[in-house]
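# Reading the structure
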Amino acid sequence: MTPSKPLPQDDERLTESLRADALMEADAGWALGADADRDGEQLDREDRASLRRVDGLSTELEDVTEVEYRQLRLERVVLVGVWTSGTARDAENSLAELAALAETAGSQILDGVIQRRDKPDPATYIGSGKAQELRDIVLETGADTVVCDGELSPGQLIHLEDVVKVKVVDRTALILDIFAQHAKSREGKAQVALAQMQYMLPRLRGWGQSLSRQMGGGGSGSAGGGMATRGPGETKIETDRRRIREKMAKMRREIAEMKTGREVKRQERRRNKVPSVAIAGYTNAGKSSLLNRLTGAGVLVENALFATLDPTVRRAETPSGRVYTLADTVGFVRHLPHHLVEAFRSTMEEVGDADLILHVVDGSHPDPDEQLISVREVIRDVGATHVPEIVVINKADAADPEVLQRLLRIEQRAIAVSAKTGEGIDELLALIDIELPRPQVELEAVVPYTHGGLVSRVHAEGEVISEEHTEEGTLLKARVHEELAAELRPYVR
Ligand SMILES: Nc1nc2c(ncn2[C@@H]2O[C@H](COP(=O)(O)OP(=O)(O)OP(=O)(O)O)[C@@H](O)[C@H]2O)c(=O)[nH]1
Ligand SMILES: [Mg+2]
């Protein structure tokens, strides 16, 4: 057993952190030789542990709130999962996903452990005995952070931190951090910042300390300084809470305004009767790749989770020439922090408004069924179950053919494609054409050549059955929406 040295007391901390800079150099040198003397003497090991710990202390542990609030700057992490139900494989998949999330956030994974329990320990999440073992792993690997695969209560975070003596973060904080790194639009950033504040609020008590520094920055990039000073009799924590609440209220108002702008655009699209298709699916399933493949649009594709955090809407055309909009959406993930489900409702709402959902699933993933289930849960949450769905099993080039066959059998309307190679894309385009709502009015009209614009609109917004150039004008047989039908009325035969 590795002897675990007690965490330095607060008064020691100052001295330690003063020493930290000087030790950094020595530490770097040590790291290179770390593996070589892994089996060295006990004392040596203890030394290593204390060096590592100081390293972590320099900013991380003391300023845990600040770090958490912006960017976690996770570097060397150990993952911990509590396996309460399902098979061992489920638990492993969940931890593998946590690893992908942590990597996306920019960290190096040193180790991962799963603890079998009926339910998470209310005090330390994994139980105090296991927490001690975890402390040993932290020491052995030189990790500076432990990432737990779940949402921990503020108390659990603190207790576990006390035992493992490095920063402990949970899945929620991790996802929030990734979202903060990836959000691009003003609205996206504001939503993430709001979700982060919501997450922070109940966790202030435990982490106590000063919040004033972090209030200056944050995901929103809001103005710092000039914060109200503490009123008489108000404790630091109360002031901090009040500030956060005020800021949250302001942010909610701003988000509401931004939402109105987006709503207007959506209304416009609806008035123009342009059918809309929403691409939804688990994160990293290949939604953006599919959008690019279907429209030739240059949307960011990345082998990282949550590459897309802002809705992208593109114009597309069916093989028969019908125009529709295609919207890329935020990827879903299991245990999406509920603050975020709320915050990202806007993108999801787009899904509920769509005429058709392309539900993209990664056919090469170890458990695509689970992905389908969790995405459908979200679809249900945002009240979009009435929208017809095509299950697009992507990455057919990399998937196990048997898995593809099985999914195609169980899903009613499903198609296997590869956004990478283009396999199945033509069939998908044809399927979209079939599934998109058809314009209601069928008519035959002779449009004078002076009204060429109207003919183009019939092509774009309706469905041309036949077209002929006659002496009086263009003879069109077409299906169009009511508004266009009204405009064509003078020329109807
Ligand atoms: N082999 C293979 N890889 C693919 C295919 N489609 C996408 N990928 C890869 O999968 C990764 C994720 O693709 P994205 O299009 O960014 O996925 P996304 O669903 O938009 O992901 P988020 O926006 O992060 O939720 C990238 O590395 C792609 O190159 C495919 O058909 N085959
Ligand atoms: Mg994407």
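These notes cover the structure that comes with them. Computed from a prediction, not measured in an experiment: that's the story for all the values here.

### Details of the packing of helix H15 (residues 368–381) against helix H16 (residues 401–410)
Here H15 crosses H16 at 35°, and the two axes come no closer than 11 Å. Judged by residue contacts, Pro368, Asp369 and Leu372 of H15 engage Val403, Arg406, Leu407 and Ile410 from H16. Its residues assigned to classes, the contact of H15 with H16 shows five nonpolar, no polar and two charged.

### Let's talk about the pattern of salt bridges
Charged atoms that come close allow side chains of opposite charge to pair. A full pass over the atoms with the stated rule returns 17 salt bridges. Glu435 serves as the salt-bridge partner of Arg413, at 2.6 Å between the closest nitrogen and oxygen. With Arg413 in the loop between H16 and strand E10 (414–416) and Glu435 in helix H17 (residues 425–435), this pair connects stretches of sequence that are 22 residues apart. For Arg413, a relative accessible area of 33% translates into the label partly exposed. Of the charged contacts in the structure, one is a salt bridge between Arg457 and Glu487, with a shortest N-O distance of 3.1 Å. With a gap of 30 residues between them, Arg457 in helix H18 (residues 452–461) and Glu487 in helix H19 (residues 482–488) connect regions that are remote in the sequence. Here the salt bridges share partners, and the residues they tie into one network are Arg438, Glu442, Glu463 and Arg479.

### Some words on the packing of aromatic side chains
What the rule picks out here adds up to zero aromatic pairs. The ring of Trp83 carries Arg116 above its face, with NZ or CZ at 4.2 Å from the centroid.

### Overview of the nonpolar core
Core analysis: the largest hydrophobic core is formed by 55 residues, its most contacted members being Leu79, Ile126, Val146, Leu160 and Leu174. Of all the elements, helix H7 (residues 171–182) adds the most residues to this core, at six residues. Not counting residues up to four positions away in its chain, the partners in contact with Ile126 are Val80, Val82, Gln115, Arg117, Asp121, Ala131, Leu134 and Leu160. Within the second largest apolar cluster, 23 residues are counted, among which are Tyr324, Leu356, Leu358 and Ile425.

### Thoughts on the layout of surface pockets
For the largest pocket, the calculated volume is near 480 Å³. Around the largest pocket sit 27 residues that line it, and Lys273, Val274, Pro275, Ser276 and Asp355 are the ones nearest its centre. Counting residues per element, the ones that place at least two in the lining of the largest pocket are helix H11 (236–271), strand E5 (276–281), strand E7 (323–328), helix H14 (345–353) and H18. A class-by-class count of the residues in the lining of the largest pocket yields eleven nonpolar, five polar and eleven charged.

### Some remarks on the packing of H7 against helix H8 (residues 186–200)
Where H7 meets H8, the axes come as close as 9 Å, and the angle between the chain directions of the two elements is 155°. Compared by their axis directions, H7 and H8 come out roughly antiparallel. In this structure, H7 meets H8 at a crossing whose hand is left-handed. Across from Thr172, Ala173, Leu176, Phe179 and Ala180 in H7, the residues of H8 making contact are Val192, Ala195, Gln196 and Tyr199. Looking at the contact of H7 with H8 residue by residue, the classes come out as seven nonpolar, two polar and no charged.

### Quick notes on unusual backbone geometry
Most peptide bonds are trans, and most residues other than glycine sit at a negative phi. Notably, Lys165 is not glycine yet its phi reads approximately 60°, a positive angle. On the secondary structure map, Lys165 appears in the loop between helix H6 (154–164) and strand E4 (167–170).

### Section: helix H5 (residues 128–141)
Over its 14 residues, H5 extends 20 Å from the first C-alpha to the last, a length consistent with the 20 Å expected when each residue adds 1.5 Å. Among the residues of H5, those classed as buried are Ala131, Leu134, Arg135, Asp136, Ile137, Val138, Leu139 and Thr141. The first or second residue beyond H5 is Gly142, which carries a positive phi of 75°.

### Section: the environment of Thr84
Structurally, Thr84 can be placed in the loop between strand E1 (76–83) and helix H4 (88–104). For Thr84, a relative accessible area of 34% translates into the label partly exposed.

### Here we look at H7
End to end, H7 covers 17 Å across twelve residues, agreeing with the expected 16 Å (1.5 Å per residue, within 8%). Burial analysis of H7 places ten of its twelve residues in the buried class, the great majority of the element. Turning to H7, its buried residues number three or more, namely Arg171, Thr172, Ala173, Leu174, Ile175, Leu176, Asp177, Ile178, Phe179 and His182.

### Notes on the pairing of E4
Residues Lys167 and Val169 line one face of E4 and the alternating positions Val168 and Asp170 line the opposite face, and both faces are buried. Direction of pairing for strand E3 (residues 145–148) relative to E4: parallel, over a ladder of four bridges. Paired with Val146 across the two strands is Val168, which belongs to E4.

### A look at the side chain of Glu97
Among the secondary structure elements, Glu97 is positioned in helix H4. On the accessibility criterion, Glu97 (8% relative accessible area) is buried. At 2.3 Å, the side chain of Glu97 forms a polar contact with the side chain of Arg171.

### Here's the deal with the sheet that holds strand E13 (residues 474–480)
If you trace the three strands from one edge of the open sheet to the other, you get E11-E13-E12, paired in antiparallel fashion. Unpaired on one side and paired on the other, strand E11 (441–447) and strand E12 (463–469) mark the two borders of the sheet. For this sheet the average axis-to-axis angle between neighbouring strands, irrespective of direction, equals 10°. Here E11 pairs with E13 via seven bridges, running antiparallel. Residue pairing for E13: Glu442 is matched across the bridge by Arg479.

### Some details on the sheet that holds E3
Spatially, four strands are ordered E2-E1-E3-E4 in an open sheet, and the strand pairing comes out parallel. The open sheet has two edge strands with one neighbour each: strand E2 (108–116) and E4. Across this sheet, the average inter-strand angle for adjacent strands is 25°, counted without regard to direction. Docked against the sheet, H4 engages E1, E2 and E3, running at close to 150° with respect to E1. In the packing of H6 onto the sheet, contacts are made with E3 and E4, and the angle to E4 comes to roughly 145°.

Cut-off values and rules
- Residues numbered from 1 in each chain as written.
- Chains lettered and ligands numbered in written order.
- Predicted model: local features only at pLDDT ≥ 70, side-chain atom pairs only at ≥ 80, totals over all residues.
- Heavy atoms only, no water.
- Axes fitted to C-alpha atoms, helices over the stretch in contact; angles between N-to-C directions.
- Helix = DSSP H or I, 4+ residues; strand = E, 2+ residues; numbered from the N terminus.
- Contact = heavy atoms within 4.5 Å.
- Nonpolar A, V, L, I, M, F, W, Y, C, P; charged D, E, K, R; others polar.
- Salt bridge = Lys/Arg side-chain N within 4 Å of Asp/Glu carboxyl O.
- Buried < 20%, exposed > 50% of the residue type's maximum accessible area, 1.4 Å probe, protein only.
- Phe/Tyr/Trp six-rings, centres within 6.5 Å; stacked < 30°, edge-to-face > 60°.
- Lys NZ or Arg CZ within 6 Å of the ring centre and 35° of its normal.
- Core = buried A, V, L, I, M, F, W, Y, C linked by side-chain atoms within 4.5 Å.
- 1 Å grid on protein atoms, 1.4 Å probe; cavity = no way out; pocket = protein on both sides within 12 Å on 5 of 7 lines; lining within 4 Å.
- Points joined across faces, edges and corners; volume = space filled by probe spheres on them.
- Parallel < 35°, antiparallel > 145°, perpendicular 65-115°, else oblique.
- Left-handed = near helix turned anticlockwise from the far one by under 90°.
- Expected span 1.5 Å × (residues − 1).
- Pairing = 2+ DSSP bridges.
- Polar contact = N/O pair within 3.5 Å; in protein donor to acceptor, adjacent residues only side chain to side chain.

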